[in-house]
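# Architecture and fold: a report
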Amino acid sequence: MHRSPLFRRPLAAVIGNALVGAALFGTALAGLASPASAATVSRLTPPSELFSSGQAAPVIARFLPGQLFDLQATVRPDAGQTVTNFSFYVDDQPVSQLGTPAGRARTSIVTETGDAALCIDADSGKTTGKSGCKLVAGLPGNAAVVSQRAYSKGAAGVHELKFIAQMSDGTRVSAIGNFEIIGVDKDAGKTAKNIIVFLGDGMGAAHRTAARIIAKGYAQGKAKGLLTMDTFPDTGMVMTASLNSIVTDSAPGMQNYVTGNKAANNQEGVFPDDTLDAFDNPRVEYLSEYLHTLQGKSLGVVTTADVFDATPASMAVHTSARGNGTGIVDQFLDDRDLTGLTVLMGGGRKWFLPNGGDSTSPQPANGSQRRSANDYVLPDDVVAGWGASRGALDPARDLIADFQGAGFAYAPDKSALDGLFAHGRPKQLLGLFAYSNMNVAYDKIAGRRGDGTVVDAFGFPDQPMLDEMTARALDVLSQNRNGFVALIEGASIDKQAHLMDSDRWPLEVVEFDRAIAVAKAFAEDHPDTLVIVTADHECSGAALIGASTATAASLAEHPDAGSSIVGTYDAAKFPKYVLADDGYPQSTNIDGKLLIGYGANADRYETWLPSAFPTKDTQQPFPPSQSPADPNVRNKDVGHFIAGQVPGDQAVHTATDIPLSAYGLGSHLFHGVFDNTDVFFKLGQAAVGGAD
Amino acid sequence: MQRFTLALAGLLALIPAPFAHANGATGTSATTHVPAALAVTRRLGAPPAGVTELKFADMFKLPVGPKGLEPTDRLRTLDGKRVRIVGYMVQQELPVAGSFMLSPLPASAGDEDESLADDLPASTIIVQLPNGPGTIVPDLHGLIRVTGVLHVGATEVARTERVAAARVTLDARTERALLRLAREAAARKKAR
């Protein structure tokens, strides 16, 4: 079913061997005796400090042997000149293949070919970056973005990347960068057939501790039980910065784990570039694509968010704009032969419904959010280099029907999901349980206990819990004898932490841990499985500041009590929650409840009490009218005002390191303090090279 | 989980409901800028004779089916009839002459920055001023009520590319109040 991208060599051929024998560039520019130009190269991809600052270290871009990535440069020619020829060299060997039709098909030169009156500022001669143009603002009008797609290298070590471009007047400009191939130890032990990545979005150490206190309890200083993730034998600390900030968002926060490279915020499976097209950025191959091509593994993506959201998309989709929902969900299906996509479950049905009118606000009668404006069509060189589907601007596409046509069984709710397994296991599975993000555990569990106020208002009273989705996903994925890569995301740990809803996000962690227990049991039965539990970043600067000194009834009578009831140190004692048979606390509104503060908070009014309705989710077509718009109006004039330390309406991500715990084959690779991109190479080692 | 304790319910009752409607209940946060013909200052009584109350929550079938949203039979049967609906005027960065949008919860539409990616609820409707096609209606904050003839079916607002599943053509009394408000706002602007 899977196919190899063009020019990729089998793993056996690339590990420990240099990529050689590429067709030589017909007119290798390195040998030309043309004069140097005053032109400049303002961007060289993959990114490197050698290019940016002249320092050889740290090496920024790293890849596994044979992992595909694009080479790209932005050239600013002298006035009146254009780029006429270019070539990339790795360790002085040309990698461009302009001498062959197949080689030329994998290259491109993008210049500002839009309407000159619109796209070039008449006074400065610089690009304007306006809608309908090709290049970002601020470049010379004759700038060129040149690309060589789908390159790979086998030999381990640091390699020099040289770029040379020739101008129309015969002068040339060059630039130098570097990248590293991280070798794989082929004799390290058994290989991990199955890799399961649990991503607790926004889950820092405080979030884990809060769930432990609530779900397990403490007695005389000792935890009465451990979360499943606590029982994993190996734990490390992860540095989470993105390519362009110490504080990452969820797109690079996830994709850094599964590409081995730093992406800029908002970007998934790509490096930044200087074109406006969000789907033409230089790509880097995902773990799922790499292992599907090399080993035939399947991919499963399970989330409690909208499936177009940054974390799930960062397992399989290549785009520089995480908000391009139509193109993102289309690419999930269109490139399933590259990624091995076999299971996709979560919310986000609004992206799968046909929108004949191409208009979304308010939505058409069926609620579709599909639009041409955020769909994708790939340029020729990406299609040729990566073997990717070209895509189409097709808001009228019935994507559920297309998934079903491709062999996916479809479940719109939990009952239907269970029904699909009543007589066997589907080979491929699509589950879309909400219009956008699914409801959170707090509200789903309330619905199961008979209070469906929230889930009914959202229109989806029968949503599965994450552990139930995980069990179904593993059931389907484990049919592939070559194994699988799976992402299981607890998405609303982050979303509810943003909203500083101290009753909802802890239960998201509890739900997440219950899903981890399902995977741990699977790994016990399948010892060739590696399970890691981590986060993309910490969210909200959550801190467990103590516990209430008041009863729940007293809090309700005095919702503006503020800090007067915050018990610190000895006064915090040990909050005692009671779990119901369903595994969730009977109530979070207990006497002496756990109290949570936020170090990255926006303005809010704190009552220490649960909110009956979740704070508004802007992506829901059915937001309950009772939902407060933001934390800065929730409990306004009732609760105690706490001034924010950050701008905006919500708490923000922080740069704090986050814990990662590992279980199963290769878990010992995950210890110490390491970068988020290191995780990719540890996973690659376990899957390709093996581990004891 | 005891999500609705009596104490909490009591607390919620005290909140001056900035977000309190769409299920046909009531609101308490009308502003002084809202003309009497549109104001919601207390629990509304039954609509006038010949007018039917339409709630946003009654527009689409719930729970949602296996695919897209589906209009309710109630919405279909009210097509062409006079209705009263209570909601919030969508604050539009670039107002459209002759109409505005009515949403079940406070919302803003940033056409310039967000294009159409502003996530207005699916049940948002368009309210048209039949005799004021060139009128820019000033922003009204808080809950308002509009009365007019309901038209079910996709309606696109010129220039904005926005499409709604239904629209309401205002009754004369409500429209007169808005036209007067618009004239006064224009005069104040001119005086400045």
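Below is a short write-up of the structure. Keep in mind that what you see is a predicted model, and the values were worked out from it rather than measured.

## A short note on the overall build of chain B
Check the secondary structure of chain B and you find four helices and eight strands. The helix and strand sequence of chain B, counted from the amino end, reads α-β-α-β-β-β-β-α-β-β-β-α. The buried share of chain B, taken over its 192 residues, is 51%. At a minimum sequence separation of 6, the contacts of chain B that also span at least 24 residues come to 65%. Counting every atom, chain B has about 9,000 Å² of accessible surface; 54% of that belongs to carbon and sulfur.

## Some points on the packing of aromatic side chains
Residues and elements named next belong to chain A. Applying the stated criterion across every chain, the model contains 20 aromatic pairs over all chains. Ring plane angle 80 degrees and centroid distance 6.4 Å describe the contact between Tyr151 and Phe179, whose orientation is recorded as edge-to-face. On the criterion of sequence distance, the pair formed by Tyr151 in strand β7 (residues 144-151) and Phe179 in strand β9 (residues 172-181) is long-range, its members being 28 residues apart. In terms of burial, Tyr151 and Phe179 fall into one category: buried. A ring pair is formed by Phe232 and Tyr663, whose centres lie 5.3 Å apart and whose planes are at 40 degrees; its orientation type is tilted.

## Brief notes about helix α16 (residues 466-477) of chain A
Along its 12 residues, α16(A) runs 16 Å from first to last C-alpha, staying within 8% of the 16 Å computed at 1.5 Å per residue. Within α16(A), the full set of buried residues consists of Leu466(A), Asp467(A), Met469(A), Thr470(A), Ala473(A), Leu474(A), Val476(A) and Leu477(A).

## Re helix α18 (residues 504-525) of chain A
Look at α18(A): 33 Å from first C-alpha to last across 22 residues, which is about the 32 Å you get at 1.5 Å a residue. Burial analysis of α18(A) places 16 of its 22 residues in the buried class, which makes it a mostly covered element.

## Considerations on the pattern of salt bridges
In this structure the tally under the stated criterion is 33 salt bridges over all chains. The partner of Arg397(A) in a salt bridge is Asp334(A), and the shortest N-O contact between them spans 2.9 Å. Within this pair, whereas Arg397(A) is found in the loop between α11 (380-386) and α12 (399-405), its partner Asp334(A) is found in helix α9 (residues 325-334), the two being separated by 63 residues in sequence. Residue class for Arg397(A) comes out buried when judged on its relative accessible area of 14%. A relative accessible area of 17% means that Asp334(A) is categorised as buried. The salt bridge partner of Arg84(B) is Glu53(B), with a shortest N-O separation of 2.6 Å. Taken together, the positions of Arg84(B) in strand β2 (residues 82-89) and Glu53(B) in strand β1 (residues 52-53) put the pair 31 residues apart, joining distant regions of the chain. Since its relative accessible area comes to 5%, Arg84(B) is described here as buried. A single salt-bridge network, built from bridges that share partners, covers Asp330(A), Asp334(A), Arg370(A), Asp375(A), Asp394(A), Arg397(A) and Asp402(A).

Each value, and the rule that gives it
- Residues numbered from 1 in each chain as written.
- Chains lettered and ligands numbered in written order.
- Predicted model: local features only at pLDDT ≥ 70, side-chain atom pairs only at ≥ 80, totals over all residues.
- Heavy atoms only, no water.
- Helix = DSSP H or I, 4+ residues; strand = E, 2+ residues; numbered from the N terminus.
- Buried < 20%, exposed > 50% of the residue type's maximum accessible area, 1.4 Å probe, protein only.
- Contact = heavy atoms within 4.5 Å.
- Areas by Shrake-Rupley, 256 points an atom, 1.4 Å probe, with all protein chains shown as cover.
- Phe/Tyr/Trp six-rings, centres within 6.5 Å; stacked < 30°, edge-to-face > 60°.
- Expected span 1.5 Å × (residues − 1).
- Salt bridge = Lys/Arg side-chain N within 4 Å of Asp/Glu carboxyl O.

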